[in-house]
Amino acid sequence: MTSFASKVFCRVERMCHHLPVVLNTFLVFSITGEVSYLVLVEAPLEADQKKTVWSAWWKAVHLVAQYFMLGNICWNALLFLRTSPSIKGVFLGGEGMGQGWRYCYTCETHTPPRCSHCYDCKVCVLRRDHHCVFFGQCVGFRNYRYFLSCLLFMWSGLLYATLMNAEVFIVILKEGVTMHSILLLLIPWIMLVSGQVSARAFAFAFIADTCVVGFLLVSAFFFFHLFLLFRGQTTREWYSTRRPYSLGLLGNLRHTLGLRWYLCWICPLIPSPLPGDGINFHVTGSLEPTR
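Rules of the game
- Residues numbered from 1 in each chain as written.
- Predicted model: local features only at pLDDT ≥ 70, side-chain atom pairs only at ≥ 80, totals over all residues.
- Heavy atoms only, no water.
- Helix = DSSP H or I, 4+ residues; strand = E, 2+ residues; numbered from the N terminus.
- Buried < 20%, exposed > 50% of the residue type's maximum accessible area, 1.4 Å probe, protein only.
- Contact = heavy atoms within 4.5 Å.
- 1 Å grid on protein atoms, 1.4 Å probe; cavity = no way out; pocket = protein on both sides within 12 Å on 5 of 7 lines; lining within 4 Å.
- Points joined across faces, edges and corners; volume = space filled by probe spheres on them.
- Nonpolar A, V, L, I, M, F, W, Y, C, P; charged D, E, K, R; others polar.
- Expected span 1.5 Å × (residues − 1).
- Axes fitted to C-alpha atoms, helices over the stretch in contact; angles between N-to-C directions.
- Parallel < 35°, antiparallel > 145°, perpendicular 65-115°, else oblique.
- Salt bridge = Lys/Arg side-chain N within 4 Å of Asp/Glu carboxyl O.
- Patch = residues over 30% accessible without salt bridge, like charges linked within 9 Å, V, L, I, M, F, W, Y side chains within 5 Å.
- Areas by Shrake-Rupley, 256 points an atom, 1.4 Å probe, with all protein chains shown as cover.
- Core = buried A, V, L, I, M, F, W, Y, C linked by side-chain atoms within 4.5 Å.
- pLDDT = per-residue confidence, 0-100.

1. Focus on the overall build of the protein
Link 1 in the chain: Regarding its fold elements, the protein presents nine helices and six strands.
Link 2 in the chain: Sorting the 291 residues of the protein into buried and exposed places 40% on the buried side.
Link 3 in the chain: Pairs at least 24 residues apart make up 58% of the contacts formed inside the protein by residues separated by at least 6 positions.

2. Looking at the environment of Gln137
Link 1 in the chain: Looking at where Gln137 falls in the secondary structure, it is placed in strand E6 (residues 137-139).
Link 2 in the chain: By relative accessible area, Gln137 is classed as buried at 15%.
Link 3 in the chain: For the pair formed by Gln137 and Cys118, sequence separation is 19 residues and the distance between their alpha carbons is 9.4 Å.
Link 4 in the chain: Those residues within four positions of Gln137 in sequence are excluded, and the remaining contacts are Phe80, Leu81, Thr83, Pro85, Cys121, His131, Cys132 and Asn143.

3. Section: the layout of surface pockets
Link 1 in the chain: Here the largest pocket defines a volume of roughly 1,000 Å³.
Link 2 in the chain: Forming the boundary of the largest pocket are 42 residues, of which Asn24, Val28, Met154, Leu158 and Val218 lie nearest the centre.
Link 3 in the chain: Of all the elements, helix H1 (residues 2-42) adds the most residues to the lining of the largest pocket, at eleven residues.
Link 4 in the chain: Tallied by class, residues from the lining of the largest pocket come to 30 nonpolar, eleven polar and one charged.

4. What about helix H3 (residues 144-164)?
Link 1 in the chain: Taking 1.5 Å per residue, 21 residues should reach 30 Å; H3 reaches 30 Å between its end C-alpha atoms and fits that length.
Link 2 in the chain: Judged by how many residues are buried, H3 sits mostly within the fold: 15 of 21 residues are covered.

5. Quick word on the packing of helix H4 (residues 166-173) against helix H5 (residues 179-186)
Link 1 in the chain: Between H4 and H5, the least distance of the axes is 9 Å, while the angle of their chain directions is 150°. The angle between H4 and H5 falls in the class roughly antiparallel. Taking contact as the criterion, the partners of Phe169, Ile172 and Leu173 in H4 are, on H5, Ser181, Leu184 and Leu185.
Link 2 in the chain: Residues belonging to the contact of H4 with H5 are distributed by class as follows: five nonpolar, one polar and no charged.

6. So, the pattern of salt bridges
Link 1 in the chain: Under the defined criterion, the tally for this structure stands at one salt bridge.
Link 2 in the chain: A salt bridge links Arg114 to Glu237; the nearest nitrogen and oxygen atoms lie 2.8 Å apart. Of this pair, Arg114 sits in the loop between strand E2 (109-111) and strand E3 (116-118) while Glu237 sits in helix H8 (residues 235-239), placing them 123 residues apart in sequence.
Link 3 in the chain: A relative accessible area of 2% means that Glu237 is categorised as buried.

7. Things to note about a nonpolar patch on the surface
Link 1 in the chain: Together, Leu173, Val177, Ile182, Leu186, Ile187, Trp189 and Ile190 make up an exposed nonpolar region whose accessible area comes to about 690 Å².
Link 2 in the chain: Residue position: Leu173 is located in helix H4.
Link 3 in the chain: A residue is classified by how much of its surface remains accessible, and Leu173, at 33% relative accessible area, is partly exposed.

8. Re the nonpolar core
Link 1 in the chain: Ranked by size, the top nonpolar core spans 32 residues in total, and within it Ile31 and Val35 carry the most contacts.
Link 2 in the chain: Secondary-structure elements contributing two or more residues to this core are H1, helix H2 (53-82), H3, helix H7 (199-231) and helix H9 (248-257).
Link 3 in the chain: The element best represented in this core is H3, accounting for eleven residues.
Link 4 in the chain: Dropping the residues within four chain positions of it, Ile31 is found in contact with Leu158, Ala161, Ile207, Thr210 and Cys211.

9. Quick word on the confidence of the model for the protein
Link 1 in the chain: Taken residue by residue, the protein gives an average pLDDT of 85. The fraction at 70 or more is 86%.
Link 2 in the chain: No element of the protein has a lower mean pLDDT than H5, which averages 76, and none a higher one than H3, which averages 95.

10. Considering unusual backbone geometry
Link 1 in the chain: One non-glycine residue with positive phi stands out, namely Glu108, at about 60°.
Link 2 in the chain: Within the secondary structure, Glu108 is located in the loop between strand E1 (102-104) and E2.
Link 3 in the chain: Positive phi, close to 70°, is recorded for Arg114, a residue that is not glycine.
Link 4 in the chain: Accessibility expressed as a relative area gives 11% for Arg114, which makes it buried.

This is the structure in structure tokens:
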């Protein structure tokens, strides 16, 4: 009985581990499909413009832009998940241990500065920033570039989708700010279950709401990590207000995004080798927290 319960628990744990990735994938493709529908079917709204050359070019530009963003989101997310940030397969020996090294009793090894153990990943992570619950993996030295690029294109894609869905909000509110329109925007699920709206109206309202909420959340994450990138900090170091590894703006960009930091955000396939090894860092300030 105990063995059966243990197997069930392990399976449920694995499902929960992959659930955020599945949910994010569903939302990304749902939003893309809805915006594609708005571009191809609903816009432009004027009947005399629907079959003009301008309309065809307008739609082509919009479709290329949104699928460029979708491709970058998916490819960066895939490379982020496939790039292990852990100490597995990394030789931690070298010339000896210096200041900032610790001993991890779980992994039973000495770990370099900025490395810490993740109890979700069950391993120590080089230059660990945080454990991303949306991807189910830690953000660390080797995959930070893909994480930040994915945030960039998610932010731009959600901004684009929110602007494209502005017409949806206008249509819902065109008869005035009524209780029906407010409830449709705030709780579309209840409106659908109670039979107050059609499935089509629910789908547009739900995705439009998702775009707005997602844009606000991703904006917070994206600009916070830009702030950390410019300061040469990880999230853990920001908590303690330490900046012992800041190399200036250009130095922080190179050591985080690679030598081609000015190009790597365009496409994840552009090689941008990191100048460091994730083990040794140039110390420019005090290692002691200021608070």
